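# Report on the structure
Read off the chains here:
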Amino acid sequence: SDVIAGFFMLGVVIFYLVNFIPNLAITVRRFHDQNQSGWMVLLGFIPYVGWLIIFVFMCIDGTHGENRFGEDPLGEYIYDTFS
């Protein structure tokens, strides 16, 4: 029983370690889409509400058109599709 729990915990730790860098990269890319600094990912370290702040920012639309981090990855005509 303890061995099975240990293997399960080891699997969870490995899962989080493997997914940490890709998750960080996606979050920074999302902030850049909104013309925000990637350092805003550090808001996640605010106790109790940091994850909520990051979640709200991830739900906000990106900048339409070009910003200081480059072109809009969705293109310029995607916004006319459902208008």
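Above this text you will find the structure in question.
Keep in mind that this is a model prediction, so the values were computed, not measured. (Residues numbered from 1 in each chain as written. Predicted model: local features only at pLDDT ≥ 70, side-chain atom pairs only at ≥ 80, totals over all residues. Heavy atoms only, no water.)

This part takes up the pattern of salt bridges. For side chains of opposite charge, pairing can occur when their charged atoms come near one another. For the structure shown, the criterion picks out two salt bridges. Between Asp33 and Arg29 there is a salt bridge whose closest N-O contact spans 3.5 Å. In this pair, Asp33 and Arg29 both sit in helix 1 (residues 2-33), four residues apart, roughly one turn of the helix. Taken together, the shared-partner salt bridges in this structure form one network comprising Arg29, Arg30 and Asp33. (Salt bridge = Lys/Arg side-chain N within 4 Å of Asp/Glu carboxyl O. Helix = DSSP H or I, 4+ residues; strand = E, 2+ residues; numbered from the N terminus.)

Further remarks concern the side chain of Gln34. The residue Gln34 is located in the loop between helix 1 and helix 2 (50-59) in this model. For Gln34, the side chain forms a polar contact with the main-chain oxygen of Ile60, separated by 3.2 Å. Other than its neighbours up to four places away in sequence, Gln34 contacts Phe57, Met58, Ile60, Asp61, Gly62, Thr63 and Asn67. (Polar contact = N/O pair within 3.5 Å; in protein donor to acceptor, adjacent residues only side chain to side chain. Contact = heavy atoms within 4.5 Å.)

Let's shift gears to the packing of helix 1 against helix 2. Between helix 1 and helix 2, whose axes approach to 9 Å, the crossing angle comes to 55°. With respect to helix 2, the element helix 1 is oriented oblique. As helix 1 packs across helix 2, the resulting crossing turns out to be left-handed. Of the residues in helix 2, those touching helix 1 at Thr27, Arg30 and Phe31 are Ile54, Phe57 and Met58. (Axes fitted to C-alpha atoms, helices over the stretch in contact; angles between N-to-C directions. Parallel < 35°, antiparallel > 145°, perpendicular 65-115°, else oblique. Left-handed = near helix turned anticlockwise from the far one by under 90°.)

So, about helix 1. Between its first and last C-alpha atoms helix 1 spans 46 Å; for 32 residues at 1.5 Å apiece the expected length is 46 Å, and the two agree. For helix 1, the set of buried residues is Thr27, Phe31 and Asp33. Where the residues of helix 1 are buried, they touch helix 2. One or two residues past the end of helix 1 sits Asn35, with phi positive at roughly 65°. (Expected span 1.5 Å × (residues − 1). Buried < 20%, exposed > 50% of the residue type's maximum accessible area, 1.4 Å probe, protein only.)

Further remarks concern the side chain of Thr27. Position of Thr27 relative to the elements: it lies in helix 1. Every residue in contact with Thr27, bar those within four places of it in the chain, is listed here: Val41, Ile54 and Met58.

Before going further, it helps to spend a moment on a nonpolar patch on the surface. Residues Ile46, Tyr48, Val49, Trp51, Leu52, Phe55, Val56 and Ile60 make up a contiguous nonpolar surface patch of roughly 860 Å² in combined accessible area. Position of Ile60 among the secondary structure elements: in the segment after helix 2. (Patch = residues over 30% accessible without salt bridge, like charges linked within 9 Å, V, L, I, M, F, W, Y side chains within 5 Å. Areas by Shrake-Rupley, 256 points an atom, 1.4 Å probe, with all protein chains shown as cover.)

Turning next to unusual backbone geometry. In this structure, Asn35 is a non-glycine residue whose phi angle is positive, near 65°. Its place among the elements puts Asn35 in the loop between helix 1 and helix 2. Of note, Tyr48 is a non-glycine position whose phi angle comes to about 75°, a positive value. Mapped onto the secondary structure, Tyr48 falls in the loop between helix 1 and helix 2.

That is the geometry; function is a separate question.
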